[in-house]
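So the chains spell out like this:
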Amino acid sequence: MCIRDSLTVGLGVSVHTLACHALAGYGTKEQQREHLPAMLGGRLLGAYCLCSDAASLRTRATRDGDTWTLEGTKAWITHGGVADFYTVLARTGGEGAHGITAFLVPGDAPGLTAAAPERKMGMKGSPTAQLHFDGVQVPDARRLGEEGQGFAIALSALDSGRLGIAACAIGVAQAALDEALTFVAERRQFGRPLADFQGLRFMIADMATQIEAGRSLYLAAARLRDAGKPFAKQAAMAKLFCTDVGMRVTTDAVQLMGGYGYTADFPAERYMREAKVLQIVEGTNQIQRMVVARHVAGPESR
Ligand SMILES: Cc1cc2nc3c(=O)[nH]c(=O)nc-3n(C[C@H](O)[C@H](O)[C@H](O)COP(=O)(O)OP(=O)(O)OC[C@H]3O[C@@H](n4cnc5c(N)ncnc54)[C@H](O)[C@@H]3O)c2cc1C
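Residues numbered from 1 in each chain as written. Predicted model: local features only at pLDDT ≥ 70, side-chain atom pairs only at ≥ 80, totals over all residues. Heavy atoms only, no water.

Some remarks on the site of the ligand
The criterion, for reference: Here a residue is considered near a molecule or strand provided that any single heavy atom belonging to it is located within 4 Å of it. Polar contact is defined as a pair of N or O atoms within 3.5 Å, subject to the rule that within protein one atom must be able to donate a hydrogen and the other to accept it, and that residues adjacent in sequence are counted only when both atoms are side-chain atoms. Areas reported as accessible are Shrake-Rupley estimates using a 1.4 Å probe. Residue values count occlusion only from the protein chains shown. The secondary structure listing takes helices from DSSP runs of H or I that are at least 4 residues long and strands from runs of E that are at least 2 residues long, numbered from the N terminus.
Neighbouring the ligand are 16 residues, the closest being Tyr-48, Trp-76, Thr-78, Thr-284 and Gln-286. Interatomic distance of 2.8 Å between a backbone N/O atom of Trp-76 and a nitrogen atom of the ligand. Contact between the ligand and Gln-286: an oxygen atom at 2.6 Å from a side-chain N or O atom of the residue. In isolation the ligand has 970 Å² of accessible area, and contact with the protein removes 61% of it. Those elements that provide at least two residues to the shell around the ligand are β3 (67-78) and α8 (285-297). When residues in the shell around the ligand are grouped by element, the largest group, 3 residues, is from β3.

Structural notes on the side chain of Thr-92
Our working rule: Contact between two residues is taken to exist if any of their heavy atoms lie within 4.5 Å; hydrogens are not considered.
Within the secondary structure layout, Thr-92 lies in the loop between β4 (85-91) and β5 (100-106). Here Thr-101 takes part through its side chain, which lies 2.6 Å from a polar atom of the side chain of Thr-92. Excluding residues within four positions of it along the chain, Thr-92 makes contact with Arg-60, Ala-61, Trp-68, Gly-99, Ile-100, Thr-101, Phe-103 and Gly-148.

Re the pairing of strand β1 (residues 46-49)
Basically, it comes down to this: Burial classes: relative accessible area under 20% of the type maximum marks a residue as buried, over 50% as exposed, and values in between as partly exposed (1.4 Å probe, protein chains only). Pairing between strands requires that DSSP locate at least two bridges from one strand to the other.
On β1, burial covers both faces: Gly-46 and Tyr-48 on one face and Ala-47 and Cys-49 on the other are all buried. One ladder, built from 4 bridges, connects β1 with β4; its direction is parallel. Note that in β4 the partner of Gly-46 across the bridge is Phe-85.

Quick word on the domain arrangement of the chain
Put simply, the rule is: Segmentation of the chain into domains, including their bounds, is taken from an automatic or database domain assignment. The term buried area means the drop in 1.4 Å probe accessible area that two parts suffer when joined, counted for both and summed. By salt bridge we mean one thing: a side-chain nitrogen of Lys or Arg within 4 Å of a carboxyl oxygen of Asp or Glu. Asp, Glu, Lys and Arg are counted as charged, while Ala, Val, Leu, Ile, Met, Phe, Trp, Tyr, Cys and Pro are counted as nonpolar; the rest, among them Gly, fall into the polar class.
Assigned domains within the chain: domain 1 (3-147) and domain 2 (153-297). On a C-alpha basis, the centroid separation for the pair domain 1 and domain 2 is 28 Å. Facing 22 residues of domain 1, the contacting portion of domain 2 comprises 25 residues. Both faces combined, the contact of domain 1 with domain 2 buries some 1,800 Å², and carbon together with sulfur accounts for 68% of it. At the junction of domain 1 and domain 2, the tally comes to 0 salt bridges. In this assembly, domain 1 and domain 2 are joined by 5 residue pairs in polar contact (both at pLDDT 80 or more). Sort the elements by how many residues they give to the side of domain 1 that touches domain 2 and helix α1 (residues 7-26) lands first, with 9 residues. Class assignment of the residues belonging to the side of domain 1 that touches domain 2 gives a composition of 12 nonpolar, 7 polar and 3 charged.

Quick word on unusual backbone geometry
With phi around 75 degrees, His-79 is a residue other than glycine that occupies positive phi space. Among the structural elements, His-79 can be located in the loop between β3 and β4. For His-79, a relative accessible area of 7% translates into the label buried. We note that Glu-282 has phi near 50 degrees; this positive angle belongs to a residue other than glycine.

Let's talk about the packing of α1 against helix α3 (residues 150-186)
As a reminder of what qualifies: To get an axis, a line is fitted to the C-alpha atoms, and for a helix only the part in contact is used. The angle between two axes follows their N-to-C directions and goes from 0 to 180 degrees. Note that the term roughly parallel is reserved for angles under 35 degrees, roughly antiparallel for angles over 145, roughly perpendicular for angles of 65 to 115, and oblique for everything else. Here a crossing is called left-handed whenever its near helix is offset anticlockwise from the far helix by less than a right angle, and right-handed whenever the offset is clockwise.
The interhelical angle for the contact between α1 and α3, taken along N-to-C directions, is 155 degrees, at an axis separation of 9 Å. Classified by the interaxial angle, the pair formed by α1 and α3 is roughly antiparallel. Crossing of α1 over α3 shows right-handed handedness. Residues Leu-7, Gly-10, Leu-11, Ser-14, Leu-18, His-21, Ala-22 and Tyr-26 of α1 touch α3, and the partners they reach there are Ala-152, Ile-153, Ser-156, Ala-157, Leu-158, Ser-160, Gly-161, Gly-164, Ile-165 and Cys-168. When its residues are assigned to classes, the contact of α1 with α3 shows 11 nonpolar, 7 polar and no charged.

Side note on the nonpolar core
To keep it simple, the criterion reads: The nonpolar core is taken to be a set of buried Ala, Val, Leu, Ile, Met, Phe, Trp, Tyr and Cys residues, with the residues joined through side-chain atoms within 4.5 Å.
With 36 residues, the main nonpolar core has Val-184, Ile-211 and Leu-278 as its most contacted residues. Among the elements of the structure, α1, α3, α4 (198-226), α5 (232-256) and α7 (268-278) are those that each provide at least two residues to this core. Split by domain, the residues of this core number at least three in each of domain 1 (3-147) and domain 2 (153-297). Once residues within four sequence positions are removed from consideration, Leu-278 is found in contact with Leu-7, Leu-11, Ile-165, Cys-168, Ala-169, Lys-239, Thr-243 and Asn-285. One finds Leu-18, Leu-57, Phe-85 and Ile-100 within the second-largest nonpolar core, a separate group that totals 21 residues.

A closer look at the pattern of salt bridges
Summed over the entire model, instances satisfying the criterion amount to 11 salt bridges. The salt bridge involving Arg-162 is made with Asp-159; its shortest N-O contact spans 4.0 Å. One end of the pair, Arg-162, and the other, Asp-159, are both in helix α3, 3 residues apart, so they sit about a helical turn from each other. Considered together, Arg-162 and Asp-159 belong to a single accessibility category, that of buried residues. Among the salt bridges present, the one from Arg-273 reaches Glu-269, with a minimum N-O distance of 2.9 Å. A residue pair is termed a helical-turn pair when its members lie 3 or 4 positions apart in one helix, as Arg-273 and Glu-269 do in helix α7 at 4 residues. A network of salt bridges, in which partner residues are shared, links Arg-63, Asp-66, Asp-140, Arg-143 and Glu-147.

See below:
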């Protein structure tokens, strides 16, 4: 099995990387020296705690001297309850985008508890849980970036994270196509391998073309990022396009395999259930369209 066969692993790496982003990009040298080697060396597993409408998040951090106290609930946290550290965005000021600050919270902090994992349609090896912060104390030395800089940190993390999600989507699409190709080469109907039928060959051509286009799109966005150029628009486009490709291609893979594709004896149905989540996480595809439209058509009038 390679990583494309298990979206649970792919998404886990993507979320962990997202959780490391704030420290790697905005932490002090001292914070990076203390925490980053274990985080990037794979000894610690991270989780990332934002919320869907980031500018209006409600988990609050209150400062008393050198200590912050966190109160609130974060829903839908991948690795919730099993992570070694949580990158948490909390409100430290007034309403809106400017009152948010990022913190690095240890997984075993007193007052931090997780609810039972959500019962999801797929990604069952990836726990997703609600987290409760009940008077969780965090020293100021674990604040990441400046007070009020959290929203900018979150957005920059999401730009990069979207590339990871796009890559995951193309990976699961490729795994589904590979599975379907093996199947249609072996199964015979009407005296011929399924792979001979033009109706199916056209589907296969479309699936392969979408995968290739998606891969090119996220790699182009990643190259902009590597070159230090703006890439937020391209990252949103890549997340949107690649995850829609992931859903279409995995659905078509089930179709190519007929009744067998619909059974758990083959992984195609799992790929299809897993691909769905990628259209939802790290900004739904409706949100990606809003981001792209703002870049292309400018901000809305109100
Ligand atoms: C398996 C899983 C793992 C997750 N892991 C994490 C994690 O690790 N960390 C984390 O912080 N979050 C995580 N999430 C949360 C995820 O990012 C949110 O579920 C996602 O952002 C959507 O938010 P929501 O569920 O509140 O849906 P809602 O915001 O309620 O959206 C419902 C529907 O309305 C649409 N919609 C909402 N607003 C608009 C608008 N302005 N215009 C048009 N359409 C709109 C959405 O696109 C969607 O179709 C995870 C979610 C899942 C399912």
